Structures are given as structure tokens and as C-alpha cells.
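Tertiary structure, described
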Amino acid sequence: MEMQKNKHEGVKRKRGPAKSVCPYNKASALQQMRDVVLGAVHDIEQLLKLGRETHSCPYYSTRLAIPPAQLVVLPYQMVLHEATRRAAGVQLKGQVLIIDEAHNLSDTLSCIHSAELSGAQLCRAHSQLSQYADRYKSRLKAKNLMYIKQILFVIEGLVRVLGGKVGQSPQSQTTQPGTEMLTINNFLFKAQIDNINLFKVLQRYFEKSMISRKLGGFVEKYAGSGVTLHTHCNNKENRRTEGLNRYLQTLQSNQNPGTACPGEHQGTEKVLSASPMMQVKGFFMALTNSNTDGRVVVHKQGSLSESSVKFLLLNPAVHFAQVLKECRAVIIAGGTMQPVSDFKQELLFSAGVGEERITEFSCGHVIPPENILPLVLCSGPSGQELEFTFQNRDTPRMMDETGRILSNICNVVPGGVVCFFPSYDYSKRILSHWEASGTLTRLANKKKIFQEPKKANQVEQVLNEFSRCIQRCSADCSGLTGALLFSVVGGKMSEGINFSDDLGRCVVMVGMPYPNIKSPELQEKMSYLDKHLPHSQGRSPGQALIENLCMKAVNQSIGRAIRHRGDYSSVVLCDRRYSRPATLSKLPTWIKDRTTTHTTKLNHFK
């Protein structure tokens, strides 16, 4: 970024070395690479190779290629978030937009327009901005100083809501644990910042001055040059010794890369010098939403550094409306879009789209009907009724019956069996019970057992071992007939992983993965939908949300099997509640039309 500002190579300055320009940012080379990029499809690695060959920047060349391109493939966030879209140069006016995997659309819109700030981030932002203002106060215009003071005032208010004070270590400040849900207006009043015009602060200062970028550069410059940017100032002695302490901490962390400084969040708070002003700006932006469209969650964790304020978007349609308005046409595609009526109500009708503009198209699967066997089991081999409610699922007889079902399945199904549990907690409990009762040993006599790993970087290794085991078992005639993988709905293996062919000859769903109804955020979302969306078929929109979240998770999990035209698999849904017509209607059509329900015990799988 600094080299781009320099227009001429090697211009000498009175102080410091001569300025240099970026050798990869020359207009003729960028245009040449742009033309090559438009001629054929390239992935990121190919673009990098091409950039080296043509001595031009692949980042800016692809930016130049966007306007004349006929097809641009890009992530959700770059289309659905207006500021990101504007920064990337993506114009939607008159375009045809295709959104694939759209079952996640509502959640994605809510996530990318929500914002969260921890107490540690707020204190750090306040400290860094204060020091920036002190250092450059003689060069800053009076109006800019005023805006900086307003930002500092708002940050102080946010810290005050969390029960803390700026200017002190957030790690040492204790707060009373608890969660509070507030409307935007009530939050502004509580923080005593309702007199600040956030629109002005955002548009006139954040946008025009690019303070987030400047503060990032300021922090990087002085942290890198050995000048201490104190994150909290108690007294002169602290300021005098903090640079030495930071240096000693750096030495210690270099010697012990596995350890983190006390009080830091793992992952999010690793870099003390990084500026969180971009996140602060995002939170300010979130607070400019309509009072009815969002809520602010104040979450106190016991210490100020771990406490947080979070903006929760309740109405994703308000941000999708602009996309729908600008585009010539929007194609919303997905394999698990049921129920479409609720989707239309939440994201299309609420965004002002009329029924006459919507065209629906749905088709079956490419596989023949005999290639899938979906079964709903209402009871197990011994006649025990299957209903994995919170009250029933932990009983020994329910866990034992589930073990018998899985044992019968492993006796007859070749290759891979994937078993999904509704949560990590339940998976741990039932596997512990099976280990004590000998069920796991019986299962291991037929299938080698694998478990979904806790760390994301171990998923590939587990999948490779799972695949190799199945291949070995099909090649030799040992006692093992394949492998059994225990996974969790909504976990690392319930979406985006393909269990094709022998890897997934049977998918077992144990219970129904309903979300946590006691979650304050979910309760607020249900309340919002009940107030703003019409009731249908004797159920409230809030109830529909709970059912839809559950069945979307189910559909994603069972969709891991049958990945091509010649594939085949069985799907076993273990819970009598799957047999309800309203629940069956939320399964994909190609599964729903072929599902059989077994109300009495089923001893044999053919």
C-alpha cells in the first residue's frame, strides 16, 4: 500500500532512503494479465504463477477483470455484504446472480451483518486511538479531533455497559456474570451514547479518513520499532517498565510457542499489537440498523477481558432487499431447501418481493428409486419405543436399544456406516455407556470404529484412515466388513464431506438435533418472527424456525451419502417423531417419496 502511493522510482528524500514503487503494479502489465485471465478459467495457484511470469499483480489484475467478465465466481460474503461488495468492485445492477447452497442463506446474512466486541478489544482500541490522537494532535484538524473524541466516548460507554473502565487492565477487572438482551435504542441509552450520531461518525470520519487503516499502520509501526504502545495506563512506573515486560514476554513466547500469555483469548487475542478498530467500526455500523431489526446481547463472563457486546441481526431480509432490487434476476439453488414456503416468507416477501416475481422449480434425484432405502424406526429390535427427547435419551434402556439397532445394521451393511448423534455431549455419554456395557466391543467385531476428531486439522487424516480401512476390508476376507464412523450433526463431517460409494452405504440418524431452545439469541429470534411473520397451518413462525433448523441439519447430514448417479445407500432415522407428516414434508422430495415407516420392531435389514 505504501509503495503504491509513490509515483516515481528512486526519488530521493531529504531524510531516509529513496522511495520505491511496487514493480508488480504497472498499468500495462496489469491489463495484459487481465486479458489472459479473461481468456480462460484460472484457480488461485495458476493466477499466482501467471503473475510471476507476466511480472504483474494477480490481485489487482483479477480486480480489473471483474467488469468485463461474463461469469464471476466468489464467496457469499463478497456478494451479500454491501461494503465488501463495493470494495471488491462487484456491481449487481442488471446482473443475474446465482446463489448456490442457499439453505445457509438466512444464517449467512445474519452472521455477516452481526458484530461482536470483547472487553479486551474495546480497551485496546481505546488505548491505541488515544495514543494516536496524542501523537498527532498538532497535525489533526479540529473536526477530526472531535470525531476521535466521539469514538473514544462511545467505546467508554460500551466498556461501562460491561461493568468496566478504560485505562485499566481488562484482565484485572471483574464483572458480575450474566446475559442481558436489549433493543438497539435501550442499549444506546444504557451506554449513555444516544446523543452521538453514529451515521455521521461512520460516513464522515471512518469512511473518509480511513482511520481503521491508519490506526493499524500506526500500531504496526510503533510496535515494530520497539516503542511501547501501552494497552492500559495505571501510572508512570507501569509505562516505564511495560516495554521491558513486553520484550521479555516475547522472548518467553518464542522459546515456548505452545504457551500463551495469561488472560489472553486463544486465537482471537494472540496479537496484542493488532488494532481492533475495524471490528469497532463494524459494531458501530450494526448499531445503525433499525431498532426492530436487531438486538444487542451484553454477555458478562466474570472478567472484563472475556465479557462481550454482540449485535444480533433478527431480520436478514433488510440486507437481502438491496441485492434483490439491483439484480435483473436472482437464482436461489440448493439440494435441501425445504420448506420453501418458510424460506420465501423470511427472505423474499419480507424484502418486498411480490409472488408474481417468484418462479419455483424442483426436480428429483438422478438415481433410480431402488438405489435408496430411507427407513423411519419408531421402535428398536426389543420393541423399545424410540423417542430421543431430553428426558428419555440418557436412560440405559434407550442407549442399549440404540446399540442393538446399530449392531444389527453393522451385521448386514457392507462397507462404511456413518452414525450421526444430535450433539457432542450426547455422543460422549452414549459412547461411554456402550464402552462399559460391551456394545462397542461387539460393534468393533464387525466394523473398525472411528470418531469425528475434535480438531479441524485432523479431519482429513481420519477420513483417509476411514477410507483405507474400508478398501482393505473389501479386498481381503477378514472378520471386519468395513468401518463405522461416529459423527455429530452440525459438526465437522455433517457438511461438505462426501461419503460416496462404499464410504457411506448406510447413514444412521440417532434422535432429532433440535437447537438449544434456552439460548437467549434463539428465543429473541423466535419472538421476532412471531411478531412480524404470519402464522400458518396452526403453528407459529417461531415454532417453524425450530423445526426448520432441526430438519435442515438432518438433511445436510443424510445428504453426505449418494453423491453420483450410480451410488446407492440406506438412511435410517431412529426416532418415531420422524414419522409425523409435518416432519416428513421437510425431507428432500427424493427421500420423502421413498421413505417407509416401521412402527413395530424391525429385526432384519435386507
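Residues numbered from 1 in each chain as written. Predicted model: local features only at pLDDT ≥ 70, side-chain atom pairs only at ≥ 80, totals over all residues. Heavy atoms only, no water.

Quick note on the threshold: UniProt positions are given in the numbering used here, feature names are shortened, and annotations may be inferred rather than shown by experiment.
The name an unreviewed UniProt entry gives the chain is DEAD/H-box helicase 11, with Pundamilia nyererei as the organism. Check the Cofactor (unreviewed entry) section of the UniProt entry for the chain; it says "[4Fe-4S] cluster". According to the UniProt record, the Subcellular location (unreviewed entry) comment for the chain is "Nucleus".

**Re the environment of Arg 160**
Applied cut-off: Secondary structure elements are taken from DSSP: a helix is a run of H or I of four residues or more, a strand is a run of E of two residues or more, and numbering for both begins at the N terminus. Whether two residues touch is decided by their heavy atoms; if any such pair falls within 4.5 Å, the residues are in contact. Between N or O atoms, a polar contact is any pair within 3.5 Å; within protein, one atom must be a potential hydrogen donor and the other a potential acceptor, and residues adjacent in sequence are included only when both atoms are from side chains.
On the secondary structure map, Arg 160 appears in helix 9 (residues 142-161). When the C-alpha positions of Arg 160 and Ala 191 are compared, they lie 6.7 Å apart, and in sequence the two are 31 residues distant. For Arg 160, the contacting residues outside a window of four places in its chain are Ala 191 and Gln 192. Polar side-chain contacts of Arg 160 include one of 3.1 Å to the backbone oxygen of Ala 191.

**A word on the nonpolar core**
Cut-off, in case you're wondering: Residue types Ala, Val, Leu, Ile, Met, Phe, Trp, Tyr and Cys, when buried and joined through side-chain atoms within 4.5 Å, form a set referred to as a nonpolar core. Relative accessible area decides the class of each residue, using a 1.4 Å probe on protein chains only: under 20% of the type maximum gives buried, over 50% gives exposed, and in between gives partly exposed.
Core analysis: the largest hydrophobic core is formed by 49 residues, its most contacted members being Leu 129, Ile 155, Leu 158, Phe 187, Phe 283 and Phe 284. Considering every element that reaches this core, the biggest residue donor is helix 9, with 9 residues. In this view, Phe 284 contacts Ile 151, Val 154, Ile 155, Leu 158, Leu 198, Leu 202 and Phe 206; residues no more than four positions away in its chain are not counted. If you look at the next biggest cluster of nonpolar residues, it comprises 38 residues, including Val 459, Leu 463, Cys 473 and Ile 497.

**Things to note about the sheet that holds strand 11 (residues 506-510)**
Stated precisely, the cut-off is as follows: Two strands form a pair only when DSSP identifies at least two bridges running between them. Only the stretch in contact is used when fitting a helix axis, every axis being a line fitted to C-alpha atoms; angles between N-to-C directions are given from 0 to 180 degrees.
Strand order in the open sheet formed by 7 strands is 9-10-8-11-12-7-13, with parallel pairing between adjacent strands. Across the chains shown, the open sheet's two edge strands, defined by having one partner strand only, are strand 9 (447-451) and strand 13 (596-598). Strand after strand, the sheet turns through a mean of 20° between neighbouring axes, direction not considered. Relative to strand 12 (residues 569-574), strand 7 (residues 372-377) runs parallel, the two being bridged by 6 bridges. Note that in strand 12 the partner of Ile 372 across the bridge is Ser 569.

**Regarding empty space enclosed by the protein**
This is how it is decided: Put plainly, a pocket is an open set of points on a 1 Å grid over the protein atoms alone with protein on both sides within 12 Å along at least five of seven lines, a cavity is a set where a 1.4 Å probe fits but cannot get out, and a lining residue has an atom within 4 Å of a point. Grid points are joined across faces, edges and corners, and a volume is the space filled by probe spheres set on the points. Each residue gets one of three labels, nonpolar for Ala, Val, Leu, Ile, Met, Phe, Trp, Tyr, Cys and Pro, charged for Asp, Glu, Lys and Arg, and polar for the others, Gly among them.
Counting across every chain of the model gives 2 cavities of 30 Å³ or more. What the second largest cavity holds in volume is close to 30 Å³. Ile 372, Ile 558, Ala 561, Ile 562, Ser 569, Val 571, Trp 590 and Ile 591 together form the lining of the second largest cavity. When contributions to the lining of the second largest cavity are tallied by element, the ones reaching two or more residues are strand 12 and helix 24 (589-592). Here the residues of the lining of the second largest cavity are counted per class, giving 7 nonpolar, 1 polar and no charged.

**Notes on helix 11 (residues 198-209)**
As a reminder of what qualifies: The directions considered for the arc are those from the helix axis to the C-beta atoms.
When we look at burial in helix 11, the residues that qualify are Leu 198, Val 201, Leu 202, Tyr 205, Phe 206 and Ser 209. On an axial view of helix 11, the arc spanned by its buried residues comes to 125°, and they lie on one face. What points out from helix 11, more than 90 degrees from its buried face, is the exposed set Gln 203 and Lys 208. Capping the start of helix 11, Asn 197 holds a side-chain oxygen 3.1 Å from the backbone nitrogen of Phe 199, two or three residues further along. Looking one or two residues past helix 11, Met 210 carries a phi angle of roughly 55°, positive in sign.

**Notes on the packing of aromatic side chains**
Our working definition: Here a Phe, Tyr or Trp ring, Trp counted by its six-membered ring, pairs with any other such ring whose centre lies within 6.5 Å, and the pair is stacked when the planes are under 30 degrees apart, edge-to-face when over 60, and tilted otherwise.
Within this structure, the stated rule accounts for 13 aromatic pairs. Where Tyr 147 meets Tyr 205, the ring centres are 5.7 Å apart and the plane angle is 25°; that geometry is what we call stacked. Linking Tyr 147 in helix 9 with Tyr 205 in helix 11, this pair joins segments that are 58 residues apart in sequence. Residue Tyr 205 is classed as buried on the basis of its relative accessible area of 2%. Between Trp 434 and Phe 486, the aromatic rings sit 5.9 Å apart at their centres with planes inclined by 50°, giving tilted as the arrangement.

**Concerning unusual backbone geometry**
Even without a glycine there, the phi angle at Met 210 is positive, about 55°. On the secondary structure map, Met 210 appears in the loop between helix 11 and helix 12 (211-224). Residue classification places Met 210 among the partly exposed residues on the basis of a relative accessible area of 40%. Unusually for a residue other than glycine, Ile 562 sits at a positive phi of about 55°. Residue position: Ile 562 is located in the loop between helix 22 (541-558) and strand 12. The exposure class assigned to Ile 562 is buried, which follows from its relative accessible area of 6%.

**Comments concerning helix 22**
As a reminder of what qualifies: In this analysis, the expected span of each helix is defined as 1.5 Å times one less than the number of residues it contains.
For helix 22, built from 18 residues, the straight-helix expectation of 26 Å at 1.5 Å per residue is met to within 8% by its first-to-last C-alpha distance of 25 Å. Of all the 18 residues making up helix 22, 14 are buried; the element is thus mostly covered by neighbouring parts of the structure.

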